[in-house]
Amino acid sequence: APVRWLMSLRGIGRNKKRSASMVVGVVLSMVLILASWGMMDTMLVSIDRQFNEVAIEDTTIAFAVPITEIEISEVEAVAGVSAAEPVIGLQAAIQHDGKSYTTLLEGYQVNTRVHGFDPPLPQSGVLLGQATEDLLDVSVGDEVSIRLSALEVDITTEVAGFVDEPLATMAYLDADELRDATTAAGGDASGLSSPAFTTVKAVFDDDADGGATINRLRDVTNVAAVVDATEIRALIESFQVLFYVFVGMMLLFGGAMAFALIFNIISVNVSERSSEFASMRANGLSHRRVAGLIVGETFLLTAMGIVPGLIAGYAAAVAFMSSFSTDQFPIGVTMRWFVFAGAIAAMFVVAGLSLIPAVRAVKRIDVSQVVRERSA
């Protein structure tokens, strides 16, 4: 290897405790940066997925009369509406093996266009939220009992799969199966069309004016209320403002801590080795080469802390998000690749900024004075 590389390696090994402390500092800074940035990215991804992949309806319309094909047709006839479907919503207690979990059961059409399902909604069987798999100790193919207290009936069906939705843990059935199962259990399925249980969800055309379409829907006969999904998203995002402020402060603190630590270690290192650097200059080594040795040592130590910092930072993000996650809001950590790339780049940028005073200090070394002091 070139001599200047070997000299940089030698500089790292000269004071092992100081070098180790810098690596540890990089790791801790990476933990703060990744944990905070990871939490922010997780929330952004979760909200985006909830409203663009899961709850894809643009509005929910509540009627003052039972929902029939007439009401559906009137909503679909409104300019700007692409699709409209009735959706049944019932309070339900999912029971299995002596355990019970209360949630909202919704009934959709099998090929629904107002809600995203992964896996797709089956014609037979119930889709449960991912959290219920552990809460009820249930697996695909197991039989569960669903208590519908509003209808005073218990229906039985198999678990067809689990859906991983970021902001809810709900249960889903095909609307036709829900009606048939209710009838088979001795309940009155006709009551499901009641406005207390059924609403209409609609999706707008891509080029539709959302506000104008909402106003037109309010003018439809027998419409009691129209809920704008974009307002719900704005409300959720407004609740996250304090969270984002907290995360932003952690990001700044992580960068500041890395800068302070690296700056102090480099400053001490340059101060202790000033005579050595002066001797190098006196022996013909240019200022640029001497500065390159310091930069090489610093960046090498920074790189040594990157990998353990990434691992520890991701683990911290998982731990922090687990503290926010509940059975109704199961938020799993989602960190896109540019979060890791940005954290790595940030550490090298901070290290580079920390080097500026040290490089200037080396440039200001009075070579003649240091040589006289050593010869005295």
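Source: prediction; values computed, not measured.

**Student:** Any chance you could break down the overall build of the protein for me, citing the residues and the numbers?
**Tutor:** Within the protein, the secondary structure is distributed over 12 helices and nine strands. Against the globule reference of 21 Å for 376 residues, the protein gives a C-alpha radius of gyration of 31 Å, more extended than a compact globule. Oriented by its inertia axes, the alpha-carbon framework of the protein measures out at about 105 × 50 × 35 Å. Within the span of the protein, comprising 376 residues, buried residues form 45% of the whole.

**Student:** Which residues make up the nonpolar core, and what values go with them?
**Tutor:** Membership of the largest hydrophobic core comes to 25 residues, with the highest contact counts inside it found for Ile146, Leu148 and Leu178. Counting residues per element, the ones that place at least two in this core are strand E2 (81-96), strand E3 (99-108), strand E4 (126-129), strand E5 (143-148), strand E6 (153-163), strand E7 (171-174) and helix H5 (175-184). Sequence-distant contacts of Ile146, that is, excluding residues within four places in its chain, are made with Ala92, Ala93, Ile94, Leu105, Val126, Val153, Asp154, Ile155, Thr157 and Leu173.

**Student:** Kindly report on helix H6 (residues 210-218), identifying the contributing residues and their values.
**Tutor:** All buried positions along H6 are accounted for by Thr213, Ile214 and Leu217. Projected down its long axis, H6 shows its buried positions confined to an angular sector of 100 degrees, all on one face. Residues of H6 that are buried make contact with strand E1 (59-63), helix H3 (69-76), E2, strand E8 (198-204) and strand E9 (223-228). For H6, the side-chain oxygen to backbone nitrogen distance between the N-cap and Gly211 is 3.2 Å, and the N-cap itself is Asp209.

**Student:** Can you tell me about unusual backbone geometry, naming the residues and giving the values?
**Tutor:** Look at the link from Asp118 to Pro119: it is a cis peptide, with omega at 5 degrees. Its place among the elements puts Pro119 in the loop between E3 and E4. Although it is not a glycine, Asp97 adopts a positive phi angle of roughly 50 degrees.

**Student:** Can you tell me about the packing of aromatic side chains, naming the residues and giving the values?
**Tutor:** The way to describe two aromatic rings as a pair is by their centre distance and the angle between their planes. This structure, assessed with the given rule, holds seven aromatic pairs. Plain terms: the ring middles of Tyr108 and Phe117 are 5.5 Å apart, the flat faces sit at 80 degrees to each other, and that makes the pair edge-to-face. Judged by centre distance (6.0 Å) and plane angle (80 degrees), the ring pair of Trp337 and Phe338 falls under edge-to-face. Clustering of aromatic rings is evident, with ring pairs tying together Tyr108, Phe117 and Tyr172.

**Student:** Break down the pairing of E7 for me, with residues and values.
**Tutor:** Burial along E7 is two-sided: the face carrying Ala171 and Leu173 and the face carrying Tyr172 and Asp174 are both buried. Sheet topology note: the E3/E7 ladder contains four bridges and is parallel. Within E7, the position partnered with Tyr108 by the bridge is Asp174. Where E4 lies against E7, two bridges are found, and the strand directions are antiparallel. Note on E7: the bridge partner recorded for Leu127 is Tyr172.

**Student:** Residues and numbers for the side chain of Thr132, please.
**Tutor:** Inspection of the secondary structure puts Thr132 in helix H4 (residues 132-135). When neighbours within four sequence positions are excluded, Thr132 is seen to be in contact with Tyr101, Asp137, Val138, Phe162 and Thr169.

**Student:** Lay out the packing of helix H2 (residues 16-54) against helix H10 (residues 287-324) with the relevant residues and their values.
**Tutor:** For any two helices packed against each other, the geometry is given by the interaxial angle and the distance between the axes. For the pair H2 and H10, the least separation of the axes is 5 Å and the interaxial angle reads 40 degrees. It follows from the interaxial angle that H2 and H10 lie oblique. At the point where H2 passes H10, the crossing takes the right-handed sense. Residue composition of the contact of H2 with H10, by class: 22 nonpolar, seven polar and no charged.

**Student:** I'd like a description of a nonpolar patch on the surface, backed by residues and values.
**Tutor:** The grouping of Val241, Leu242, Val245 and Met249 at the surface amounts to a nonpolar patch, some 410 Å² of accessible area in total. With respect to the helices and strands, the residue Val245 is situated in helix H8 (residues 241-272).

**Student:** I'd love a proper account of the pattern of salt bridges, names of residues and values included.
**Tutor:** Counted by the stated rule, this structure contains seven salt bridges. Of the charged contacts in the structure, one is a salt bridge between Glu53 and Arg49, with a shortest N-O distance of 3.8 Å. Taken together, the residues span about one helical turn, with Glu53 and Arg49 both in helix H2 at a distance of four residues. Judged by its relative accessible area of 27%, Arg49 is partly exposed. We note a salt bridge from Lys201 to Glu106, for which the minimum N-O separation is 3.7 Å. Here the residue Lys201 occupies a position in strand E8, and Glu106 occupies one in strand E3, the gap between them amounting to 95 residues. Exposure class is identical for Lys201 and Glu106. Each is buried.

**Student:** How would you sum up the environment of Ala319? Please name residues and give values.
**Tutor:** Along the chain, Ala319 turns up in helix H10. Look at Ala319 and you get partly exposed, because its relative accessible area is 46%. A sequence separation of 126 residues divides Ala319 from Ser193, and the C-alpha atoms of the two residues are 44 Å apart.

**Student:** Describe helix H11 (residues 337-363), listing the residues and the values that go with them.
**Tutor:** Between its first and last C-alpha, H11 extends 39 Å over 27 residues, near the 39 Å set by a 1.5 Å rise per residue. Within H11, the axis deviates most sharply at Ile356, by approximately 30 degrees, and proline Pro357 lies no more than four positions further along. All buried positions along H11 are accounted for by Val339, Gly342, Ala343, Met347, Val350, Ala351, Ser354, Leu355, Ala358 and Val362.

The rules behind these values
Every chain's residues receive numbers from 1 upward, in the order its sequence appears when written. For this predicted model, a pLDDT threshold of at least 70 governs which residues receive local features, and a threshold of 80 or more governs which side-chain atom pairs are given and counted, while totals over whole chains, interfaces and linings are taken from all residues. Only hydrogens and water are set aside; all other atoms, that is, all heavy atoms of the structure, feed into the side-chain values. Numbering goes from the N terminus for both helices and strands, where a helix is a DSSP run of H or I of at least four residues and a strand is a run of E of at least two. Here the globule rule reads 2.2 Å times residues to the power 0.38, and the radius of gyration is calculated from C-alpha atoms. Whether a residue is buried, partly exposed or exposed follows from its accessible area with a 1.4 Å probe, protein chains only, as a fraction of its type maximum: under 20%, in between, or over 50%, in that order. As used in this record, nonpolar core signifies buried Ala, Val, Leu, Ile, Met, Phe, Trp, Tyr and Cys residues forming a set joined through side-chain atoms within 4.5 Å. Any two residues whose heavy atoms approach within 4.5 Å at even a single point are treated as in contact. Throughout, the arc means the angular range of directions from the helix axis out to the C-beta atoms. Polar contacts, as counted here, are pairs of nitrogen or oxygen atoms within 3.5 Å of one another; within protein the pair requires one atom able to donate a hydrogen and one able to accept it, and residues that are adjacent in sequence qualify only if both atoms are side-chain atoms. Two rings from Phe, Tyr or Trp (for Trp, the six-membered ring) form a pair when their centres sit within 6.5 Å of each other. Planes less than 30 degrees apart are called stacked, planes more than 60 degrees apart edge-to-face, and all others tilted. Note: two strands are recorded as paired if DSSP finds a minimum of 2 bridges between them. Only C-alpha atoms enter the line fits that serve as axes; for helices the fit covers just the stretch in contact. Angles between N-to-C directions range over 0 to 180 degrees. Orientation is classified from the angle alone, with under 35 degrees giving roughly parallel, over 145 giving roughly antiparallel, 65 to 115 giving roughly perpendicular, and any other angle giving oblique. In this scheme the crossing of two helices becomes right-handed for a clockwise turn of the near helix relative to the far one and left-handed for an anticlockwise turn of less than a right angle. Each residue receives one of three labels: charged for Asp, Glu, Lys and Arg, nonpolar for Ala, Val, Leu, Ile, Met, Phe, Trp, Tyr, Cys and Pro, and polar for the others, Gly being one of them. Only residues whose relative accessible area exceeds 30% and that form no salt bridge enter a patch; like-charged residues are grouped when within 9 Å of one another, and nonpolar side chains (Val, Leu, Ile, Met, Phe, Trp, Tyr) when within 5 Å. The method behind every accessible area is Shrake-Rupley, applied with a 1.4 Å probe, and residues are considered shielded solely by the protein chains displayed. Think of a salt bridge as a Lys or Arg side-chain nitrogen and an Asp or Glu carboxyl oxygen that are within 4 Å of each other. Expected span of a helix, by definition, is 1.5 Å for each gap between consecutive residues, and there is one gap fewer than residues. Fitting one axis to the seven residues ending at a residue and another to the seven starting there, the bend at that residue is the angle between the two axes.

No statement about biological role is implied by the geometric values presented.
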